[in-house]
Amino acid sequence: MLPTRIQQKPSSVTAAAAGAAACALALAVAAPAAVAQAAVTQDSVPAVGGERLGRPAVQVAPLAGAPALPAELTGRSWLVADAATGEVLAARDAHLPLPPASTLKMLFADTVLPKFDRSAEHRVTTTELAELGTGSSLVGVKENLPYRVEDLWRGVFLSSGNDAVHVLAHMNGGIQRTVGEMQDRARALQARDTKVVSPDGYDMDGQVSSAYDLTLFARAGLRNADFRSYCATRTARFPGGLDKLTGQRTSFDIANTDRLLGKYPGLIGVKNGYTTNAGATFTGAAERDGRTLLVTVMHPEAQGKVYDEAASLLDWGFAAAGKVQPVGRLVDEAVPPSPAATPGAPAQAEADEQLPPWSRPPVTGGSGSGLAPAVWSAAVLGTALAAWVTARTAARRRTAPARTAPAPAYHGGGATALGGASGIGGGRRRLTRRARALLRGARTVRPRGPRPPR
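Conventions we followed
- Residues numbered from 1 in each chain as written.
- Predicted model: local features only at pLDDT ≥ 70, side-chain atom pairs only at ≥ 80, totals over all residues.
- Heavy atoms only, no water.
- Helix = DSSP H or I, 4+ residues; strand = E, 2+ residues; numbered from the N terminus.
- Areas by Shrake-Rupley, 256 points an atom, 1.4 Å probe, with all protein chains shown as cover.
- Axes fitted to C-alpha atoms, helices over the stretch in contact; angles between N-to-C directions.
- Left-handed = near helix turned anticlockwise from the far one by under 90°.
- Contact = heavy atoms within 4.5 Å.
- Nonpolar A, V, L, I, M, F, W, Y, C, P; charged D, E, K, R; others polar.
- Core = buried A, V, L, I, M, F, W, Y, C linked by side-chain atoms within 4.5 Å.
- Buried < 20%, exposed > 50% of the residue type's maximum accessible area, 1.4 Å probe, protein only.
- Parallel < 35°, antiparallel > 145°, perpendicular 65-115°, else oblique.
- Salt bridge = Lys/Arg side-chain N within 4 Å of Asp/Glu carboxyl O.
- Pairing = 2+ DSSP bridges.
- Expected span 1.5 Å × (residues − 1).
- pLDDT = per-residue confidence, 0-100.

1. Focus on the overall build of the chain
For step 1, the next point in the chain: Per the secondary structure count, the chain includes 15 helices and twelve strands.
For step 2, the next point in the chain: For the chain, the exposed surface amounts to about 22,800 Å²; the carbon and sulfur share of it is 54%.

See the structure below:
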């Protein structure tokens, strides 16, 4: 009965059905290994970055000659990783959700910083400074005065100024919109432990992140040349108010509150934080002998220990490189942003060339998922078979005797229609040539229909 039903369908439906079947066939032939690997990965890795990263105890896999981890590590959660390869060298409870304090500003900067030209000016309004939390860290932004975007970002990175964060968030469309975009950005980075409630990291009910996620934010942010420049800046001049006598704009010095910057050899940045509820948090990046390491420490026993423990983990990481097996990895961004969608993309592209290779923005359009070649093959094969069926059906209608039973439906497999199994196994170029030939043939055959009136 199935052949009869197929014969009764219009040729366009038959071609579409054949194309859909061909797509399924090609995907099954070209991508079984990739699909199987994806299924295995999802089933065997419950924690992002590796099963061991979901465990609460210290995770390290030393080889012969590996140095011992620092003895005095009191952080409730910490992680040290290679920035280039993404390999996690050691960790403790890397996915434990904890209040992030101002280290969440890394996600804010990674989300909003690419949107505005650094030389643009913005006049601050009273509304933009009205919702700052009690006891917030401030850089000293004044209402009804203009500020350049780059000065506001220095206020964010050096002074951890919540006032600068709120001004930039309002420029971005408001606090709630910015929070939503930050959450979307975290999701794209596969930072699943992070819940954003406030863009500045101020203590809010339900606002959490993890050592793993904060490390992802730092790694992503450092791919932006401006982000890298701001977080490495030790001191700067910040615009002040108007002098009452001269009416001229004043300025004052601000210094980076990161205590390791300028003291730990090779430190790049990136961000520190502290609140009464969160305790101390710190994420840093350092370079030595051509290697860049990332470290995050959250909630040690005492505020000052966060820097000591971060420094000792960096020392250990540089000494242990090549002498430990990774216990997990920093995952790549799920959907990298398109550079063309960012204002000032050409200028940013030039700046990106100055970055180390590992920190340059990921190239889009590649085969990151591992399924792109299979999808391509399925599309070509489906198009070719649909065109072949359409041409064959039209040709039969033109040559069939009048009032005769319709010809049997075609039941050949996709591989046979393209020259047997070797048509698929012969490679993508043979498939492409065959598809193009079929498409050219299809264009030369026109279905028979009613004649136009004379």
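Text resumes after the structure shown.
2. Focus on the packing of helix 4 (residues 105-112) against helix 8 (residues 211-221)
For step 1, the next point in the chain: Look at helix 4 against helix 8: their axes get within 9 Å of each other, and the N-to-C directions meet at 35 degrees. Considering how the two elements wind past one another, helix 4 and helix 8 form a crossing that is left-handed. Residues Met106, Leu107 and Asp110 of helix 4 form the contact with helix 8, whose participating residues are Leu214, Phe217, Ala218, Ala220 and Gly221.
For step 2, the next point in the chain: Along the lines of polarity and charge, the residues of the contact of helix 4 with helix 8 split into six nonpolar, one polar and one charged.

3. Some thoughts on the nonpolar core
Across soluble globular proteins, nonpolar side chains have a tendency to be buried as a group.
For step 1, the next point in the chain: Within the largest apolar cluster, 63 residues are counted, with the highest numbers of intra-cluster contacts made by Leu79, Val141, Trp153, Phe157, Tyr212, Phe217 and Phe227.
For step 2, the next point in the chain: At seven residues, the largest contribution of residues to this core is made by helix 8.
For step 3, the next point in the chain: Apart from the residues lying within four places of it in its own chain, the contact partners of tyrosine 212 are Val48, Gly49, Leu53, Leu79, Ala94, His95, Arg329, Leu330 and Val331.
For step 4, the next point in the chain: The next biggest cluster of nonpolar side chains, apart from the first, holds 25 residues, and it includes Leu73, Val80, Ala90 and Ala320.

4. Notes on the packing of helix 4 against helix 5 (residues 149-157)
For step 1, the next point in the chain: The N-to-C vectors of helix 4 and helix 5 enclose an angle of 160 degrees; their axes lie 11 Å apart at closest approach. Taken together, the axis directions place helix 4 and helix 5 in an arrangement best described as roughly antiparallel. At the point where helix 4 passes helix 5, the crossing takes the left-handed sense. Here Lys105, Phe108, Ala109 and Val112 of helix 4 lie close against helix 5, whose contacting residues are Trp153, Val156 and Phe157.
For step 2, the next point in the chain: Taken together, the residues that form the contact of helix 4 with helix 5 break down as six nonpolar, no polar and one charged.

5. Considering unusual backbone geometry
Excluding glycine, most residues fall at negative phi; most peptide bonds, likewise, are trans.
For step 1, the next point in the chain: The peptide bond linking glycine 269 to valine 270 adopts the cis configuration, its omega dihedral lying at 15 degrees.
For step 2, the next point in the chain: Within the secondary structure, valine 270 is located in strand 8 (residues 267-275).
For step 3, the next point in the chain: Phi is positive for glutamine 190, which is not a glycine, with a value near 65 degrees.
For step 4, the next point in the chain: Inspection of the secondary structure assignment puts glutamine 190 in the loop between helix 7 (175-188) and helix 8.
For step 5, the next point in the chain: In this structure, histidine 299 is a non-glycine residue whose phi angle is positive, near 60 degrees.

6. What about helix 8?
Residues three or four positions apart in an α-helix share a direction because the helix packs 3.6 residues into each turn.
For step 1, the next point in the chain: Judged by how many residues are buried, helix 8 sits mostly within the fold: eleven of eleven residues are covered.
For step 2, the next point in the chain: Those residues of helix 8 that fall on the buried side of the exposure criterion are Ala211, Tyr212, Asp213, Leu214, Thr215, Leu216, Phe217, Ala218, Arg219, Ala220 and Gly221.

7. Here's the deal with the environment of arginine 187
For step 1, the next point in the chain: Positionally, arginine 187 belongs in helix 7.
For step 2, the next point in the chain: On a C-alpha basis, the gap between arginine 187 and alanine 334 in space is 8.3 Å, while along the polypeptide they are 147 residues apart.

8. Structural notes on the pattern of salt bridges
For step 1, the next point in the chain: Per the counting criterion, the structure on display carries 19 salt bridges.
For step 2, the next point in the chain: The salt bridge involving aspartate 151 is made with arginine 154; its shortest N-O contact spans 3.1 Å. One end of the pair, aspartate 151, and the other, arginine 154, are both in helix 5, three residues apart, so they sit about a helical turn from each other.
For step 3, the next point in the chain: Its relative accessible area of 5% is what places aspartate 151 among the buried residues.
For step 4, the next point in the chain: For the salt bridge of glutamate 287 with arginine 228, the shortest nitrogen-to-oxygen distance reads 2.8 Å. Of this pair, glutamate 287 sits in strand 9 (residues 279-288) while arginine 228 sits in helix 9 (residues 225-231), and the two are 59 residues apart along the sequence.
For step 5, the next point in the chain: By relative accessible area, which is 12% here, arginine 228 ends up buried.
For step 6, the next point in the chain: One salt-bridge network, held together by shared partners, links Arg118, Arg148, Glu150, Asp151, Arg154 and Asp226.

9. Here's the deal with the pairing of strand 2 (residues 77-82)
For step 1, the next point in the chain: The element strand 2 is largely enclosed, with a buried count of six among its six residues.
For step 2, the next point in the chain: The two faces of strand 2 match: Ser77, Leu79 and Ala81 on one face and Trp78, Val80 and Asp82 on the other face are all buried.
For step 3, the next point in the chain: Two strands pair when backbone bridges link them, and strand 2 and strand 10 (residues 291-298) are joined in this way by six bridges, in the antiparallel orientation. Residue pairing across strands places leucine 79 opposite threonine 296, the latter belonging to strand 10.
For step 4, the next point in the chain: Examined bridge by bridge, strand 2 and strand 3 (residues 87-92) share four bridges and lie antiparallel to one another. Note on strand 3: the bridge partner recorded for valine 80 is alanine 90.
For step 5, the next point in the chain: With antiparallel pairing between neighbouring strands as the criterion, strand 2 and strand 3 make up a hairpin whose turn holds four residues, including glycine 86 at a positive phi of roughly 80 degrees.

10. A look at helix 7
For step 1, the next point in the chain: With 14 residues, helix 7 ought to run about 20 Å at 1.5 Å a step, and its terminal C-alpha atoms sit 20 Å apart, in line with that.
For step 2, the next point in the chain: Those residues of helix 7 that sit buried are Ile175, Thr178, Val179, Glu181, Met182, Gln183, Arg185, Ala186 and Ala188.
For step 3, the next point in the chain: Those residues of helix 7 that are buried lie in contact with helix 4, helix 6 (162-171) and helix 8.
For step 4, the next point in the chain: Glutamine 190 lies just past helix 7 and shows a positive phi near 65 degrees.

11. Considerations on the confidence of the model for the chain
For step 1, the next point in the chain: Counting all residues, the mean pLDDT for the chain is 79, and 64% of those residues have values of 70 or more.
For step 2, the next point in the chain: Predicted confidence is poor over residues 1-45, with pLDDT under 50, and the contacts of this stretch with residues over four places away or in other chains come to 44 contacts.
For step 3, the next point in the chain: Per-residue pLDDT stays below 50 along residues 445-454; that stretch engages in seven contacts with residues further than four places along the chain or on separate chains.

12. A word on the side chain of threonine 233
For step 1, the next point in the chain: Looking at where threonine 233 falls in the secondary structure, it is placed in the loop between helix 9 and strand 6 (235-242).
For step 2, the next point in the chain: Among the residues examined, threonine 233 registers a relative accessible area of 18% and is labelled buried.
For step 3, the next point in the chain: In this view, threonine 233 contacts Leu158, Asn256 and Leu261; residues no more than four positions away in its chain are not counted.

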